[in-house]
Amino acid sequence: MLKKLARLFTIRTRLEAWAVIYAIAVGAVSRGYHYMDVYPGPIGHVFFAACTGVVFVAGAKILDSTAPKRKKDEDRRRGDRRAAA
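From a predicted model like this one, the values you see are computed outputs, not experimental measurements.

Criteria and cut-off values
- Residues numbered from 1 in each chain as written.
- Predicted model: local features only at pLDDT ≥ 70, side-chain atom pairs only at ≥ 80, totals over all residues.
- Heavy atoms only, no water.
- Phe/Tyr/Trp six-rings, centres within 6.5 Å; stacked < 30°, edge-to-face > 60°.
- Helix = DSSP H or I, 4+ residues; strand = E, 2+ residues; numbered from the N terminus.
- Core = buried A, V, L, I, M, F, W, Y, C linked by side-chain atoms within 4.5 Å.
- Buried < 20%, exposed > 50% of the residue type's maximum accessible area, 1.4 Å probe, protein only.
- Contact = heavy atoms within 4.5 Å.
- Patch = residues over 30% accessible without salt bridge, like charges linked within 9 Å, V, L, I, M, F, W, Y side chains within 5 Å.
- Areas by Shrake-Rupley, 256 points an atom, 1.4 Å probe, with all protein chains shown as cover.
- Salt bridge = Lys/Arg side-chain N within 4 Å of Asp/Glu carboxyl O.
- Expected span 1.5 Å × (residues − 1).

Caption draft 1: Representation of the packing of aromatic side chains in the model. The tally for this structure, following the rule as stated, stands at four aromatic pairs. Where Tyr-33 meets Phe-48, the ring centres are 5.4 Å apart and the plane angle is 45°; that geometry is what we call tilted. Placement of the pair is Tyr-33 in helix α2 (residues 14-38) and Phe-48 in helix α3 (residues 42-65), with a sequence separation of 15 residues. Between Tyr-35 and Phe-47, the aromatic rings sit 5.3 Å apart at their centres with planes inclined by 50°, giving tilted as the arrangement.

Take a look at the structure:
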């Protein structure tokens, strides 16, 4: 039962990854605007940049985890091509 529940929260495809990254970005911008209201001036802009910068780090990790897997034949062909060049 626990495995079935865990499968609901597993990102399997690139489309799901982009949807999650979009949701993270919307939340980060919302939090950034809140920080700009609470902390007027340059420190608010720094907090806004920090919030939105995290999206790039998280997005890269999510996209790397959903990269398409290569088949063994493709790896062998890539190795042969590099050796010949």
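What follows continues from the structure just given.
Caption draft 2: View of the nonpolar core. In terms of nonpolar packing, the biggest core is built from seven residues, these being Ala-17, Ile-21, Ala-28, Cys-51, Val-55, Ile-62 and Leu-63. Broken down by secondary-structure element, the contributors of at least two residues to this core are α2 and α3. With four residues, α3 is the largest single contributor of residues to this core. Those residues within four positions of Leu-63 in sequence are excluded, and the remaining contacts are Arg-14, Ala-17, Trp-18 and Ile-21.

Caption draft 3: Seen up close, the environment of Ala-58. Its location among the elements puts Ala-58 in helix α3. Exposure remark for Ala-58: the relative accessible area of 24% places this residue in the partly exposed category. For the pair Ala-58 and Ile-21, spaced 37 residues apart in sequence, the C-alpha to C-alpha distance is 7.7 Å.

Caption draft 4: Here's a closer look at the side chain of Thr-66. Mapped onto the elements, Thr-66 comes out in the loop between α3 and α4 (72-84). Once residues within four sequence positions are removed from consideration, Thr-66 is found in contact with Ile-11, Thr-13, Arg-14 and Ala-17.

Caption draft 5: Looking closely at a nonpolar patch on the surface. A contiguous nonpolar patch, built from Val-38, Tyr-39, Ile-43, Val-46 and Phe-47 and spanning about 410 Å² of accessible area, is present on the exposed surface. Relative to the helices and strands, Phe-47 resides in helix α3.

Caption draft 6: Spatial organisation of α2. Taking 1.5 Å as the rise per residue, α2 with 25 residues should run 36 Å; its terminal C-alpha atoms sit 36 Å apart, in good agreement. Within the sequence span of α2, burial applies to Ala-17, Ile-21, Ala-28 and Gly-32.

Caption draft 7: Layout of the environment of Tyr-39. Checked against the element boundaries, Tyr-39 lands in the loop between α2 and α3. In this structure Tyr-39 touches Gly-44 and Phe-47, once residues within four positions along its chain are discounted.

Caption draft 8: Spatial organisation of α3. Taking 1.5 Å of rise per residue, 24 residues should cover 34 Å, and α3 covers 35 Å from first to last C-alpha, within 8% of that figure. Among all positions in α3, only Gly-44, Cys-51, Val-55, Gly-59, Ile-62 and Leu-63 are buried. Of the surrounding elements, those touching the buried residues of α3 are α2.

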